[in-house]
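# Report on the structure
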Amino acid sequence: MPSDFSVIEGAYLRDILDQPRALDETLAGLEVPKTLHQLAVRLQEGKFKTVVLTGMGSSFHALHPLNIELVNHGFTAMMVETSELLHYRSRLFDPKTLIVAVSQSGQSAEVVRLLEINRGKSSVIAITNTPGSPLAERADVTILSQAGQEFSVSCKTYVTALMALQWFGAVVCKRDLQRTRQELETAGSAVRDYLGHWKEHVHDLAQMLKGTRHLFLVGRGASLAAVGTGALIVKESDHFHAEGMSSAAFRHGPFEMLSDETFVLVFAGEHKTRDLNQRLFEDVREERGRAELVSEGAASPSCALPSAPRFIHSILEILPVQMVTLALAAQAGREPGRFELASKVTTKE
């Protein structure tokens, strides 16, 4: 691994290091406009039959924590990729459906098509980083993140979208908004503390990942956000194949791939399934696979999440994966996050 880190010190790294600022500014802009309050009341009164959570890529994966919260609160909620919604679930465009659409650009091909097909049938709540975009302009309510311009791979737009979605969940599930804001206030400083040691994290992970050919990210519940987004950004950043799935699904087949060339990043996650994830971590190591556990108090500092309210763990869980993308790039001697075939905004479906 290079000692000077110059190969990875580009625009993508600057975006990663800008995440604390982005989180702080996003929190400062969160409020409850009148229309959001009205839609929340209609949902609480049962006026909406279904809540459809939709997005593509990391915007889709970011919806996992909200989906769990809404279902546990008694709402009928479902996650549907925007393209699948357009072509195979179009009957969901209905006045009794509330759509929560996440798109960093607010102008990707799928979200523009969603707006054309919907044409006011369903109420739409937008989570986007781009004011003035088609989604921001045509949604019934827009909750803006304040990530600013992003070079390529989603990092600060992802964590700020998570924060905006957590705020929305607090509003519709009638959580104490003052306490919610206090907990969200800890996110920026927690991320700042972790990133203050980014060089050490990258160095440690580069050593751990030597000889890896097969990279798996596994978890349960809200951790599926980091699992899905993590595998995606590894592929985008490094041209290195990674697969994200639930911890349970990993035992149904991929477990057979364990070898000294397989590395499994296991997210400890919520208390209710933490023992199951811990057991998988131990089993992987017993069967010649290599693994690390992402949790508070993890043995490896690069995988140890800062101590923070459970409410913001979905924001923190992506940080070790971001370090993985830098470590793999350093090993390969290439700039991470520079697109060669894709583009920041996907304009073709």
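Please refer to the structure higher up on the page.
Residues numbered from 1 in each chain as written. Predicted model: local features only at pLDDT ≥ 70, side-chain atom pairs only at ≥ 80, totals over all residues. Heavy atoms only, no water.

### Some remarks on the pattern of salt bridges
Applying the stated rule across the entire model yields 14 salt bridges. Taking the shortest distance from any N to any O, the salt bridge between Lys156 and Asp15 comes out at 3.4 Å. In this pair, Lys156 sits in helix α9 (residues 156–172) while Asp15 sits in helix α1 (residues 11–17), placing the two residues 141 residues apart along the sequence. Residue class for Lys156 comes out buried when judged on its relative accessible area of 4%. Judged by relative accessible area, which is 7%, Asp15 ranks as buried. Across the salt bridge formed by Asp283 and Arg251, the nearest N and O atoms sit 2.8 Å from each other. With a gap of 32 residues between them, Asp283 in helix α14 (residues 271–286) and Arg251 in helix α13 (residues 247–251) connect regions that are remote in the sequence. Residues joined by salt bridges that share partners form a network here, namely Asp15, Asp18, Arg21, Glu25 and Lys156. (Salt bridge = Lys/Arg side-chain N within 4 Å of Asp/Glu carboxyl O. Helix = DSSP H or I, 4+ residues; strand = E, 2+ residues; numbered from the N terminus. Buried < 20%, exposed > 50% of the residue type's maximum accessible area, 1.4 Å probe, protein only.)

### Quick word on the sheet that holds strand β1 (residues 50–55)
Spatially, the five strands line up as an open sheet ordered β2-β1-β3-β4-β5, and their pairing is parallel. Two strands lie at the open edges of the sheet, namely β2 (77–81) and β5 (141–144), each paired on one side alone. Sheet twist, expressed as the mean angle between neighbouring strand axes with direction ignored, is 20 degrees. With five bridges joining them, β1 and β2 adopt parallel strand pairing. Note that in β2 the partner of Gly55 across the bridge is Glu81. (Pairing = 2+ DSSP bridges. Axes fitted to C-alpha atoms, helices over the stretch in contact; angles between N-to-C directions.)

Taken by themselves, the reported measurements are silent on function.
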